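# Chains, contacts and geometry: an overview
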Amino acid sequence: MAIARLRGGPLDGQILPLQTSVDDALIVPFGEGQLVYRRHGADQHTGPSDGPTEGLFVFVEATEDINPDPDGRDA
């Protein structure tokens, strides 16, 4: 099992299970659009007895505007 640690963007600090088919980009659904995270650096904990393999993914872009207050009710 491998995990993705997300850095930046609206999912900063989240940890997700990582499919073995993921190469350099991780695309996550978010609201009406998607968030794009790119792999940053080499994987950590790749040995047989040091825990799950971890990949760091850094926020690149969102396919839709990210607005936590779309109707203005929180103002």
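I will try to describe carefully the structure that is included in this document. (Residues numbered from 1 in each chain as written. Predicted model: local features only at pLDDT ≥ 70, side-chain atom pairs only at ≥ 80, totals over all residues. Heavy atoms only, no water.)

The sheet contact formed by strand β3 (residues 25-30) and strand β4 (residues 33-39) spans six bridges and is antiparallel. Bridge assignment links Leu26 to a residue of β4, and that residue is Tyr37. Counting the residues between successive antiparallel strands, the hairpin from β3 to β4 contains two residues, one of them, Gly31, with a positive phi of roughly 60°. As defined by bridge partners, β4 adjoins strand β5 (residues 53-62) across five bridges and the pair is classed as antiparallel. Its bridge partner being in β5, Arg38 is matched across the sheet by Val58. (Pairing = 2+ DSSP bridges. Helix = DSSP H or I, 4+ residues; strand = E, 2+ residues; numbered from the N terminus.)

A word on the environment of His40. Looking at the element boundaries, His40 is found in the loop between β4 and β5. Spatially, the C-alpha atoms of His40 and Val58 are 6.4 Å apart, while their sequence positions differ by 18 residues. Discounting residues that sit within four places of it in the chain, His40 has contacts with Leu56 and Val58. (Contact = heavy atoms within 4.5 Å.)

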